[in-house]
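Residue-level listing of the chains:
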Amino acid sequence: MPFSLASPAHHELIIKKSRFIACVEPVTGREQAQLRVAQLKAQHPDAAHVCWALLAGGQSAANDDGEPGGTAGRPMLDVLRHQDLQGVLATVVRYFGGIKLGAGGLARAYTDAVAQALLAAEKIPVVKRIHLACSVPYALEGLVRREVELALAELLEVEHGSVVTLRFALPQPQAPHLMQRLGDSGRGQLVWLDADNAAHA
């Protein structure tokens, strides 16, 4: 089972006078990751490099930010992969101390900085969420709302037209049980919609 992080965690290393400031944090995807990297560059205008690695399914990426190819972003990404993480951004801000570390030294420094930050991070299991949508007569809206609330699902949207359309999200393992309960109590008047197409219905 993949894990994400509950909150950002930091660690700082000093190797041969170079400072490596690492942060690991949960992100939703590449857009949020790039915004975060831009923030770090603005916060550390004198840093030599702001290297990063993102592990987020098809949006995964790694960036050496001017360090020799393969000495920063890729080793950082490998650390995230070995920890079975998903939706996590690792960044390392480097202030150059005047002494070159060589390719091997750089790769070790970036790997260690991220690994140490992860030791301080709280990992949480990634539970896949599923989106559901249904339509019911007005008389059943209250019943559906109560069942959705009891299941601890998140009510995303309610539309009032000729019928009431409700869209909600919940952890995938709980979906079959809620669908069964709503189907039983809907007295044949509840219609399930394809959540992906519901917006176009």
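See above for the structure.
Numbering of residues begins from 1 in every chain and follows the order in which that chain's sequence is written. Residues qualify for local features only when their pLDDT is at least 70, as the model is predicted, and side-chain atom pairs are given and counted only at 80 or more; totals for whole chains, interfaces and linings, by contrast, use all residues. Hydrogens and water molecules were not included; the side-chain quantities draw on all heavy atoms of the structure.

**Description of the environment of W52**
1) Next: Assignment of secondary structure puts W52 in strand 4 (residues 49-55).
2) Next: Counting along the chain gives 37 residues from W52 to L89, while the straight-line C-alpha distance between them is 7.2 Å.
3) Next: Every residue in contact with W52, bar those within four places of it in the chain, is listed here: V37, A61, A62, N63, G73, M76, L89, A90 and T91. Helix numbering and strand numbering both begin at the N terminus, where a helix is a DSSP run of H or I of at least 4 residues and a strand a DSSP run of E of at least 2. The criterion used for residue contact is that any of the two residues' heavy atoms lie within 4.5 Å.

**A few points about the environment of V126**
1) Next: Examined against the element boundaries, V126 turns out to sit in the loop between strand 7 (123-125) and strand 8 (129-136).
2) Next: Among the residues examined, V126 registers a relative accessible area of 33% and is labelled partly exposed.
3) Next: Along the sequence, V126 and L140 sit 14 residues apart, while their C-alpha atoms lie 33 Å from each other. Think of it in three bands: residues with accessible area under 20% of the maximum for their type are buried, residues over 50% are exposed, and the middle band is partly exposed, with areas taken using a 1.4 Å probe on protein chains only.

**As for the nonpolar core**
1) Next: Counting 27 residues, the largest nonpolar core has V24, L80 and V114 as its most contacted members.
2) Next: Elements represented by at least two residues in this core include exactly strand 2 (9-15), strand 3 (18-26), strand 4, helix 2 (73-82), strand 6 (88-95) and helix 3 (102-119).
3) Next: It is helix 3 that provides the largest number of residues to this core, a total of seven residues.
4) Next: With near-sequence residues (within four places) excluded, V114 lies in contact with A22, V24, M76, V79, L80, A90 and V92.
5) Next: Core analysis: the second largest hydrophobic core is formed by 16 residues, A153, V164, L166 and L170 among them. Nine residue types can take part in a nonpolar core, namely buried Ala, Val, Leu, Ile, Met, Phe, Trp, Tyr and Cys, and a core is a set of them joined through side-chain atoms within 4.5 Å.

Take it as geometry only, folks, not as evidence of what the structure does.
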